[in-house]
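# Analysis of the macromolecular model
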Amino acid sequence: MTNSLAIPRFVVILFFLLSLPLLGEDHYVLVTAPSKVGDVCGRHGLTQVDQVSGTSSAGVFLVTTSSVDPTIATDSDVQSFELNKFVGVAEITGTTEASLTQSTTSILDQLPGRAAVTYFGSTVANYYVQQQATSLTRLGNAQSASALTGAGMTVAVIDTGVDPEHPALMSVLLPGFDFVHNISGASELVDLPPDTAAALTQSTTSILDNQDVVQLNSFTAAILSQSTTSILDGSTPGYFGHGTMTAGLVHLMAPAALIMPLKAFGGDGSSDLFNILKAIYYAVDHGANVISMSFEIQQSSPALQNAIEYALNMNVAVVAASGNDGQKLMVYPAGYNNVIGVGSTSNQDLQSVFTNFGTNSVYVAAPGEGVITTYPGGNYAAGWGTSFSAPLVAGEAALILQARPDFRPGDVANAVSKAVQVQDMGHGRVDFCQALGSLGNVPKCQ
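Quick summary incoming for the structure in this document. These numbers come from a predicted model, not from an experiment.

Attention now moves to the sheet that holds strand β16 (residues 295-296). Here 3 strands make up an open sheet; going across it, the order is β14-β5-β16 and the pairing antiparallel. Where the open sheet ends on each side, the last strands, each with one partner, are β14 (270-272) and β16. Where strand β5 (residues 86-89) lies against β16, 2 bridges are found, and the strand directions are antiparallel. By the bridge assignment, Val-89 is partnered in β16 with Phe-295. Sheet contacts for helix α11 (residues 273-285): β5, β14 and β16; angle to β14, the most-contacted strand, approximately 80°.

Put into structure tokens, the structure is as follows:
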């Protein structure tokens, strides 16, 4: 959460033109007034492919061309023009990925005896509610003192989608939208082969029976039934479940908040700038109070910055992962002014080895190692990475806004900053009791 320099449009576009690849991608993001797009495309040999709807100022368009006209840099009708970049979830893009080999067993062995419990009207696994992340952030104390649940708030989760039938989430899920396939709904199951998806959704195995811990990939281990494990073996894209996991952490922190799942990423964790832009504008225009984003881009984007500023100006709090490169590195959207960038801490309140760090990279931190959350098929998983720290803070933001609906994004960030000091982790690891107790109209934790 740092101040972004205002760079003249000409300089932004000229820098882009000088850095264009000689071969390869030919899709670009053009920002111009809707009334001017036809003229701009005609002057510069562009073909309009798609557009973002619902924006209130300049239009955002996806265009294609076989050869970029350099005079676009001086076109007064063009606000920005840039390559439609690849975007990956935070666990993909890092050079230092979370390693499970040393920590999986110890963290998962600490889970309480398996039992079903009721959590704000839903039946969930007890180790989802009773875990280190909730203890460290003092969620239970804050809930008891304040009675805040996120009721009346909507949190948009821009990710790989969600399992719409997960028992813990069903009651709070909005339909959302799938920008990958351009369809209503945001189910992660569309990323599975049809027979695998059918088998997974038809599974009736109790969350309490015959469960194994199975390492799925480099960032997550899932607690699956033996039958589910066999269903998923060799059949899932690398980041299948990521969106259900992040949505589950928002729900854990703000159990009555509505969740708007926006599928901008495929099951392999890949997306592009244009789909991200569509999701941000959709979230704002469809009533989100908070946007949670577990992805990173290492170079600033004029169109992305415009979208973030649109959200902030519409009084939407924006939370983003600070990235898993293990460096003092600025990434975006976490690095934009008034965005709450979130790093990861261990269950010992130490900086995670994989997290980006430094006050310019991280505004606050949250637990990000072995965080237990929902996983498709009625299952649960442990996640490692800033992807799983960010939605905890998004849930916290929903609680703050329930208590103070008059707050602007900067006010929300100020409340979140009331945290436990951790070196190189901005304001420190979040503490819900401190944050909510600072509001003035919420009882303090005992």
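With that out of the way, let us pick up the nonpolar core. A general trend in soluble globular proteins is that nonpolar side chains are found buried together. Membership of the largest hydrophobic core comes to 124 residues, with the highest contact counts inside it found for Ile-158, Ile-291, Leu-304 and Ile-340. Per-element accounting of this core gives the leading share, 11 residues, to helix α13 (residues 386-403). If we ignore the near neighbours within four places in the chain, the residues touching Ile-340 are Val-318, Val-319, Ala-320, Tyr-363, Val-364, Val-393, Val-412, Ala-413 and Val-416.

This part takes up helix α14 (residues 409-416). Within the span of α14, buried status applies to Pro-409, Val-412, Ala-413, Ala-415 and Val-416. Buried residues of α14, seen end-on, are gathered within an arc of 160° and therefore sit on one face of the element.

Once that is clear, we can look at the pattern of salt bridges. Opposite charge on two side chains permits them to pair, given that their charged atoms come into close proximity. Evaluated as defined, the whole model comprises 8 salt bridges. The shortest N-O distance in the salt bridge between Arg-138 and Asp-431 comes to 3.0 Å. Taken together, the residues Arg-138 in the loop between α6 (132-137) and α7 (139-146) and Asp-431 in the loop between β23 (429-430) and α15 (432-437) connect sequence positions 293 residues apart. Classification of Arg-138 as partly exposed rests on a relative accessible area of 29%. Between Lys-263 and Asp-191 there is a salt bridge, with the nearest N and O atoms lying 2.6 Å from each other. One end of the pair, Lys-263, is in strand β13 (residues 258-263); the other, Asp-191, is in the loop between β10 (183-184) and α8 (194-202), and 72 residues separate them in sequence. Its relative accessible area of 0% is what places Lys-263 among the buried residues. One continuous salt-bridge network, built from bridges that share partners, spans Arg-43, Asp-75 and Asp-77.

Where α13 meets α14, the axes come as close as 10 Å, and the angle between the chain directions of the two elements is 115°. The orientation of α13 relative to α14 falls into the category roughly perpendicular. In the packing of α13 onto α14, the handedness of the crossing is right-handed. Facing α13, whose interface residues are Val-393, Glu-396, Ala-397, Ile-400 and Leu-401, α14 presents Val-412, Ala-415 and Val-416. Broken down by class, the residue content of the contact of α13 with α14 amounts to 7 nonpolar, no polar and 1 charged.

Here we come to unusual backbone geometry. Here the bond from Tyr-332 into Pro-333 is cis, since omega is 10°, no more than 30 degrees from zero. Here Pro-333 lies in the loop between β17 (317-321) and β18 (340-345). Residues other than glycine seldom take positive phi values, yet Phe-120 does so here, at roughly 50°. Along the chain, the position of Phe-120 falls in the loop between β6 (116-119) and β7 (122-125). Even without glycine at this site, Asn-182 takes up a positive phi of about 55°. The topology assignment puts Asn-182 in the loop between β9 (177-178) and β10.

Pairing in this open sheet of 4 strands is antiparallel, and the strands run β2-β3-β1-β4 from one edge to the other. Where the open sheet ends on each side, the last strands, each with one partner, are β2 (47-52) and β4 (78-83). Taken over all neighbouring pairs, the strand axes of this sheet differ in orientation by 25° on average, direction set aside. Bridge count between β2 and strand β3 (residues 59-64): 5 bridges; the pairing is antiparallel. Residue pairing across strands places Thr-47 opposite Thr-64, the latter belonging to β3. Packed onto the sheet, helix α2 (residues 37-44) meets β1 (27-32), β2, β3 and β4 and runs at close to 135° relative to β1.

The rules we used
Residues numbered from 1 in each chain as written. Predicted model: local features only at pLDDT ≥ 70, side-chain atom pairs only at ≥ 80, totals over all residues. Heavy atoms only, no water. Pairing = 2+ DSSP bridges. Helix = DSSP H or I, 4+ residues; strand = E, 2+ residues; numbered from the N terminus. Contact = heavy atoms within 4.5 Å. Axes fitted to C-alpha atoms, helices over the stretch in contact; angles between N-to-C directions. Core = buried A, V, L, I, M, F, W, Y, C linked by side-chain atoms within 4.5 Å. Buried < 20%, exposed > 50% of the residue type's maximum accessible area, 1.4 Å probe, protein only. Arc of directions from axis to C-beta. Salt bridge = Lys/Arg side-chain N within 4 Å of Asp/Glu carboxyl O. Parallel < 35°, antiparallel > 145°, perpendicular 65-115°, else oblique. Left-handed = near helix turned anticlockwise from the far one by under 90°. Nonpolar A, V, L, I, M, F, W, Y, C, P; charged D, E, K, R; others polar.

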